[in-house]
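# Breakdown of the fold
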Amino acid sequence: MFNLHDIWTFFLAFFLTLPLVTIVHEAGHVLVARIFGARIKFAIGTGKPLIKIGPLEINRMYFMEGWCQYTELKYNKVWSHVLIYLSGSIFNLIVILLINFLIYQGIFSVHIFFYQFVYFSVYFIFFSLFPYRNGEGKPSDGMAIYDVIRYGTAEDPID
């Protein structure tokens, strides 16, 4: 049952844990895109920019979603685009497995923060790989993968 004592846990989850999960997810896209020689631009959150540091943009609603765009791939093949779109979810999965391993080894104690982190990571994996377009017509990672494979084009369908 949710009560007033749980409100702080909710705020911690919403304003700290969810953005950390987003950072892990976007870091996956960024790292793999860089491996393939891409120039990247990525953001944490939506709305007007708060801070811009190189290719990173942190927006006012930093706790809501994120995105990564890339251009100028040196290895501009369909499979490289697929790997870039998959890498966010792969990073989330790796961190889930790492957290569970560290808890199992006794390095991390069982804590609500880790439950929330894993929960939000699973949520991110599901909804990023589920193929759909948002209200603005931008594809999820799953839809972008589908588009790249279906049309056989090595273009970034986000642009």
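Because the structure is a prediction, the values reported are computed rather than measured. (Residues numbered from 1 in each chain as written. Predicted model: local features only at pLDDT ≥ 70, side-chain atom pairs only at ≥ 80, totals over all residues. Heavy atoms only, no water.)

### Digging into the side chain of H25
The criterion, for reference: What counts as a helix is a DSSP run of H or I of at least four residues, what counts as a strand is a run of E of at least two, and both are numbered from the N terminus. Each polar contact in these results corresponds to two N or O atoms within 3.5 Å; when the atoms are within protein, one needs to be able to donate a hydrogen and the other to accept it, and residues that are neighboring in sequence are counted only if both atoms are side-chain atoms. Note on definitions: a residue-residue contact is assigned when non-hydrogen atoms from the two residues lie within 4.5 Å.
With respect to the helices and strands, the residue H25 is situated in helix α1 (residues 7-35). At 2.7 Å, the side chain of H25 forms a polar contact with the side chain of N92. In contact with H25, other than residues within four places in its own chain, are G88, S89, N92, F124, S128 and D141.

### Some thoughts on the nonpolar core
The nonpolar side chains of a soluble globular protein tend to be buried with one another. Inclusion rule: Take the buried residues of types Ala, Val, Leu, Ile, Met, Phe, Trp, Tyr and Cys, join any two whose side-chain atoms come within 4.5 Å, and each joined set is a nonpolar core. Using a 1.4 Å probe on the protein chains alone, a residue whose accessible area is under 20% of its type maximum counts as buried, one over 50% counts as exposed, and one in between counts as partly exposed.
Ranked by size, the top nonpolar core spans 18 residues in total, and within it I40, Y70 and I84 carry the most contacts. Of all elements in the fold, only α1, β1 (39-53), β2 (56-71), α2 (78-104) and α4 (141-151) reach the threshold of two or more residues within this core. Those residues in contact with I84 that lie beyond four places of it in its chain are H29, V32, A33, F36, Y70 and L73. Counting 12 residues, the second largest nonpolar core, distinct from the first, contains A13, F114, V118 and F120.

### As for the packing of α2 against α4
Quick note on the threshold: In this analysis, axes come from line fits to C-alpha atoms, helices being fitted only over the stretch in contact, and the angle between any two N-to-C directions falls in the range 0 to 180 degrees. Any angle from 65 to 115 degrees is called roughly perpendicular, while one under 35 is roughly parallel, one over 145 is roughly antiparallel, and all others are oblique. Each residue is assigned to one class: nonpolar for Ala, Val, Leu, Ile, Met, Phe, Trp, Tyr, Cys and Pro, charged for Asp, Glu, Lys and Arg, and polar for all the others, Gly among them.
Closest axis-to-axis distance for the α2/α4 pair is 9 Å, and the angle between their directions is 175°. Regarding the angle of α2 to α4, the classification is roughly antiparallel. Contact residues: V78, H81, V82, Y85 and L86 in α2; D141, A144, I145, V148 and I149 in α4. For the contact of α2 with α4, the residue count by class is 8 nonpolar, 1 polar and 1 charged.

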